[in-house]
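Understanding the architecture of this molecule
Given next are the chains, with one letter for each unit.
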Amino acid sequence: MTNTISRRDFLKLGGAATAALAVGQMLPPLVAQAARETGQIDEQGDGFISSMCEMCVWRCGLIAKIKEGRVVKLDGNPEHPHSRGNLCPRGQSGLMNTYDPDRVLTPLIRVGQRGEGKFRKASWDEALDLVAGKMLEIKEKYGPEAMVFSSTHNLSQVQFENLLYAYGSPNYGTQRSLCFNAMITAFLLTYGIEEPARNYENADYILMVGRNMMEAISTSETAELSHALDRGAKLVYLDPRFTKTAAKASEWIPIRPGTDSAFLLAMINVITQNELANCEFVKKYVQGCDDLAEAMQRYTPAWAEQITGVPAATIERIAREYAAAQHNAMAHPGWRTSNFINSFQTERAIATLNALSGNVLKVGGCLSTEVAAEGAGLGAPPQPAYPRISALRLDGTPWKYPLVPLKLGVFQELRDAIVSGEPYQAHGWFIARQNPVSSLPDRQKTLKAFEKMDFIVTIDIIMNDTAWFSDVILPEASYLERYDPLLPVGDKAFLRQPVIEPQGEAKSALWIYKQLGERLGLGEYFQYTDEEDYIRQQLAPLGISLEEVKEKGYAEMPEAEKSEGELIFNTPSGKIEVYSETLKNAGFSPWPTWEEPLMPAEGEFYLLTGKVAQHTQFGTQNNQLLHKYSDEPRLWMNAKTAAEKGLSDGEWVEITSPVGTAHSLLLVTQAIRPDCVYLTPGYGHISKGLTTAFGVGASDSALHVTYTDPISGGQALSQTFVTVKKA
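Bear in mind that the values here come from a model prediction, so they are computed numbers and not experimental data. (Residues numbered from 1 in each chain as written. Predicted model: local features only at pLDDT ≥ 70, side-chain atom pairs only at ≥ 80, totals over all residues. Heavy atoms only, no water.)

Quick look at the overall build of the protein chain now. Summing up its helical and strand segments, the protein chain has 26 helices and 28 strands in all. In terms of overall size, the protein chain behaves like a compact globule, its C-alpha atoms giving a radius of gyration of 26 Å where 727 residues would be expected to give roughly 27 Å. In terms of overall dimensions, the protein chain has a C-alpha envelope of 75 × 65 × 50 Å along the principal axes. Counting only residues that meet the buried cut, the protein chain has 61% of its 727 residues in that class. A separation threshold of at least 6 residues defines the contact pool for the protein chain, and within that pool the share at least 24 residues apart is 72%. (Helix = DSSP H or I, 4+ residues; strand = E, 2+ residues; numbered from the N terminus. Rg over C-alpha atoms; globule rule 2.2 N^0.38 Å. Buried < 20%, exposed > 50% of the residue type's maximum accessible area, 1.4 Å probe, protein only. Contact = heavy atoms within 4.5 Å.)

Below you can see the structure in the form of structure tokens.
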């Protein structure tokens, strides 16, 4: 077949990007003309165009430097609250995502066996017709619920969800249960808000539990924390590993994994037994305050010492220091909080500590529970109501997990239901900007789920591990080549606009979803002619033109109404519910409570994972600039433990869990507890279409065992235990 491509040919598909970069190809006419009209570039194709980064979900504002029609530098936009004139290393390397020689630049259709890597090039019409035809076939034979949709949250999410809900499937998988289900569910039940905003301006005492902020994606918050430390705020940091945040902390406590909630409950015990809380605030705004001291009575520092390994005197001292700071104290809610089955209880304890300090006071407090409605003040294309969906969700939400918000879901349970075929069998999977083969625990089980699929389609810019096993790959334009819907941040709505034309045949998600929607007979849900028309409909209520927004990079938003009077929380009682009737009625403890986690057997180690500053989850390891400046991925092991096992720094080791085996070079260090090992996530890619990342490092997902918290649905990522031996 003449139009079939081998792996070698496939790897050349993106070569045009590199060639264009090398020879200085001029900016194509569409973007060039628009940028010239707004004065952003000159006749030679030189200038600066503002847009937004997408190297992580923080979405900082950027200014792209254009030289002879190509992107040569990315800098932070000083007008954007997230960037404030700065970009992190990932953001500055973003141009290499666009110019990656492995870019998929034309639709591809699989012609070999799944995982064999044989695809042929196709036109958009052929590829879209095939995808729509398969989706309609599955809908007709098995019902819309037999089609699974999954996506990592992004600016075109609203149109992804239009496709999902208009099609009629209840089965939606997100990355959230692998990340922060525990935090969101706990704060929803306690404060009635998903995640309170942090205010470091007056923070004097900050308690962080495993939140490696100095390497996190929320770069503007990292700067705020740094400024707080500069002016003398104290940071107490609990983590089994000496991270970069631990290095900046006033006090690092290498706590035993899975025991954070015992430490926090003992702090609550000290504060309540000694009446150290902000009494006026607690009595007025906290439900359960009268009985909290009695409920926490058994959680003494001496009790916690036996569980955590932290001296009772240390726990008591920290509790008293925290209480003394009053509303200038903050127990950080965390981010990647789904670590153990009991992580929900850890988050409930964090929420309770914040309530005791009274730090959600409107003036000067460290937490804010006021939330602006997403997209408030902006317009949107009209559309009809979605069809009624009656089928059970495969992930067990809400019939098995009644307290998990529908938009969060339980992704790992969705995958497990595909494998088991219960309560019914899924037959198709629509995947956008997501990589479940790499991100879900127990990679072999995910590949088994793929074997059950009649059809898999992936939308992405590169041949990631999931695309490698797909039937159709639809090439999306990179974030430097496309429009996305406006993003309100503070008092402005920021624009992501193309700074170059899409390379090859890559298209925006807004275009792809509209094209598929029309082929599926769902065109009424996509009432916009093109990307610019979509944004103009968003801008209509503001009375501002798209041309003005292109030039400035943002639109001014109307001033939000500020709530006055008493604090009211979006909970059944209207108060902060440290005692929750909702939890009680669902059969769980209404109080924050201790739940004993699993412990490794003799000779086993906790397998820890966590963020590094050079990469974002599983999506950036193929970026050549980031790869150049990344540390070589190695398994961390405590020096004493390594000596006892006869292992040396830099040698190859074999890591084995109940579900898989991986191999890694060893890093012998004092910066981790003796009962733990650490593996940087995002490595061990199996797609041969990733020439930079393929075969580099070990995959933590190949080792992780699937454990699901029955309350929040969070995946217990650190509850996997491994053995390590010389390879």
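We are not done yet, so read on.
The contact between helix α14 (residues 301–308) and helix α15 (residues 312–324) brings their axes to 8 Å, and the two run at 120°. By the angle class used here, α14 and α15 are oblique. Crossing of α14 against α15: the hand is right-handed. Contacts between α14 and α15 pair P301, A302, A304, E305 and T308 from the former with A312, I315 and E316 from the latter. (Axes fitted to C-alpha atoms, helices over the stretch in contact; angles between N-to-C directions. Parallel < 35°, antiparallel > 145°, perpendicular 65-115°, else oblique. Left-handed = near helix turned anticlockwise from the far one by under 90°.)

Our next topic: the nonpolar core. Judged by nonpolar contacts, the single largest core of 99 residues is most densely connected at V71, F263 and M267. Not counting chain neighbours up to four residues away, the residues in contact with M267 comprise L207, I315, I318, A319, Y322 and L353. Membership of the second largest hydrophobic core comes to 36 residues, among which are L128, V131, M147 and L522. (Core = buried A, V, L, I, M, F, W, Y, C linked by side-chain atoms within 4.5 Å.)

Turning our attention to the sheet that holds strand β25 (residues 652–657). Spatially, six strands are ordered β23-β27-β24-β26-β25-β28 in a closed barrel, and the strand pairing comes out mixed. In this sheet, neighbouring strand axes are inclined to one another by 45° on average, regardless of whether the strands run parallel or antiparallel. (Pairing = 2+ DSSP bridges.)

This next bit is on the packing of aromatic side chains. Under the criterion given, the structure shown has 26 aromatic pairs. Aromatic pair Y205 and Y322: ring centres 6.3 Å apart, planes at 80°, arrangement edge-to-face. Placement of Y205 in strand β10 (residues 205–209) and of Y322 in helix α15 is noted, with a sequence separation of 117 residues between them. For the pair shown, Y205 and Y322 are each scored as buried. Considering the side-chain rings of W429 and F450, the 5.2 Å spacing of their centres and the 70° angle between planes classify their relative orientation as edge-to-face. Residue W429 is found in strand β16 (residues 428–432), and its partner F450 is found in helix α19 (residues 443–451); the two are separated by 21 residues along the sequence. Here W429 and F450 have matching classes, each one buried. An aromatic cluster is built from F149, F160, Y167, Y172, F430 and Y513, whose rings are joined through pairwise contacts. (Phe/Tyr/Trp six-rings, centres within 6.5 Å; stacked < 30°, edge-to-face > 60°.)

It is worth spelling out the pattern of salt bridges at this point. Under the definition given, this model contains 40 salt bridges. E321 is the partner of R317 in a salt bridge, and the nearest nitrogen-oxygen pair spans 3.2 Å. Linking R317 with E321, this pair stays in helix α15, spanning four residues, or about one helical turn. We classify R317 as partly exposed; its relative accessible area is 31%. Taking the relative accessible area as the measure of exposure, E321 reaches 24% and is therefore partly exposed. For R433, the salt bridge goes to E476, with nearest N and O atoms at 2.5 Å. Taken together, the residues R433 in the loop between β16 and α18 (436–439) and E476 in the loop between β18 (472–475) and β19 (484–489) connect sequence positions 43 residues apart. Across the pair, exposure class does not vary: R433 and E476 are buried alike. One continuous salt-bridge network, built from bridges that share partners, spans E54, R433, E476, R482, D484 and R496. (Salt bridge = Lys/Arg side-chain N within 4 Å of Asp/Glu carboxyl O.)

What follows concerns the pairing of strand β23 (residues 605–608). Look at any regular strand and the pattern is simple: side chains alternate between the two faces of the sheet. Two strands pair when backbone bridges link them, and β23 and strand β28 (residues 721–726) are joined in this way by two bridges, in the antiparallel orientation. What sits directly across from Y606, in β28, is F721. Bridge analysis of β23 against strand β27 (residues 676–678) gives three bridges, and the strand direction is parallel. Counted as the bridge partner of Y606 is C676 from β27.

Now for the sheet that holds β19. Here three strands make up an open sheet; going across it, the order is β19-β20-β21 and the pairing antiparallel. Where the open sheet ends on each side, the last strands, each with one partner, are β19 and β21 (554–556). Recorded for the sheet is a direction-independent mean angle of 25° between the axes of neighbouring strands. Summarising the sheet, strand β20 (residues 492–496) and β21 pair through three bridges and their orientation is antiparallel. Bridging across to β21, K492 finds its partner in E556. Relative to β19, helix α22 (residues 531–539) is tilted by about 30°, and along the sheet it contacts β19, β20 and β21.

This part is about the state of the cysteines. In total, this model carries zero disulfides according to the counting rule given. Among the cysteines around C279, which has no disulfide bond, C289 carries the closest sulfur, lying 9.3 Å off. (Disulfide = S-S within 2.5 Å.)

Time to look at the side chain of R103. With respect to the helices and strands, R103 occurs in the loop between α5 (95–98) and β5 (108–110). A polar contact of 2.8 Å, which involves the side chain of R103, links it to the backbone oxygen of T98. Of the polar contacts made by the side chain of R103, one reaches the side chain of E481; its length is 3.0 Å. (Polar contact = N/O pair within 3.5 Å; in protein donor to acceptor, adjacent residues only side chain to side chain.)

With that settled, consider the domain arrangement of the protein chain. By domain assignment, the protein chain separates into domain 1 (23–98), domain 2 (108–179 + 402–556), domain 3 (197–368) and domain 4 (605–726). Between domain 1 and domain 2, the contact holds 31 residues from the first and 29 residues from the second. In this structure, the connection of domain 1 to domain 2 is made through three salt bridges. Between R482 and E54 there is a salt bridge, with the nearest N and O atoms lying 2.6 Å from each other. The tally of links from domain 1 across to domain 2 stands at ten residue pairs in polar contact (both at pLDDT 80 or more). Within the residue set of the side of domain 1 that touches domain 2, elements represented by two or more residues are α3 (29–37), β2 (47–52), β3 (61–67), β4 (70–76) and α5. Here the element with the most residues in the side of domain 1 that touches domain 2 is β2; it accounts for four residues. A class-by-class count of the residues in the side of domain 1 that touches domain 2 yields 17 nonpolar, eleven polar and three charged. (Domains from an automatic or database assignment. Nonpolar A, V, L, I, M, F, W, Y, C, P; charged D, E, K, R; others polar.)

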